[in-house]
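Residue-level listing of the chains:
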Amino acid sequence: MTAPARVRVYAVLVHDRRLCLIRRRRPAGVQHSLPGGLVEDGEDPIDALRPELPEELASTRR
C-alpha cells in the first residue's frame, strides 16, 4: 500500500523583475524555495496558500 500523495501549493511572486524566494537554514545547508505550503485533503489550493503567504513573507528581509 502506498502513502497518500502530499500536495503542495506555491506562489510565484515577481516584483521589479525579482523573484521572491524564502531562505531557510537546514542541517544540509541553506535552502531557497518559493513561498507556499501543504494542501489538506479536500482543501482548495488557493485557500491553502492564503495563510501561508503572510507567515512566510513576514519573516523575509531584503
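Residues numbered from 1 in each chain as written. Predicted model: local features only at pLDDT ≥ 70, side-chain atom pairs only at ≥ 80, totals over all residues. Heavy atoms only, no water.

1. Comments concerning the side chain of Ser33
Along the chain, Ser33 falls in strand 5 (residues 29–33). For Ser33, a relative accessible area of 16% gives the class buried. With sequence-adjacent residues up to four places away left out, Ser33 is seen in contact with Leu21, Ile22 and Arg24. (Helix = DSSP H or I, 4+ residues; strand = E, 2+ residues; numbered from the N terminus. Buried < 20%, exposed > 50% of the residue type's maximum accessible area, 1.4 Å probe, protein only. Contact = heavy atoms within 4.5 Å.)

2. Side note on the layout of surface pockets
Here the second largest pocket is characterised by a volume of approximately 160 Å³. Taken together, Pro4, Ala5, Arg6, Val7, Leu38, Val39, Glu40 and Asp41 make up the full set of residues lining the second largest pocket. Of the residues that constitute the lining of the second largest pocket, the class distribution is five nonpolar, no polar and three charged. (1 Å grid on protein atoms, 1.4 Å probe; cavity = no way out; pocket = protein on both sides within 12 Å on 5 of 7 lines; lining within 4 Å. Points joined across faces, edges and corners; volume = space filled by probe spheres on them. Nonpolar A, V, L, I, M, F, W, Y, C, P; charged D, E, K, R; others polar.)

3. Focus: the environment of Asp16
Take Asp16: it is sitting in the loop between strand 2 (14–15) and strand 3 (18–19). Of the polar contacts made by the side chain of Asp16, one reaches the side chain of His15; its length is 3.3 Å. (Polar contact = N/O pair within 3.5 Å; in protein donor to acceptor, adjacent residues only side chain to side chain.)

4. Observations regarding the pattern of salt bridges
Think of it this way: side chains of opposite charge can pair up when their charged atoms draw near. In this structure the tally under the stated criterion is two salt bridges. The partner of Glu56 in a salt bridge is Arg24, with the nearest N and O atoms 2.8 Å apart. With Glu56 in helix 1 (residues 45–58) and Arg24 in strand 4 (residues 22–26), the pair connects residues that are 32 residues apart, well separated along the chain. (Salt bridge = Lys/Arg side-chain N within 4 Å of Asp/Glu carboxyl O.)

These figures come from the coordinates and say nothing about function on their own.
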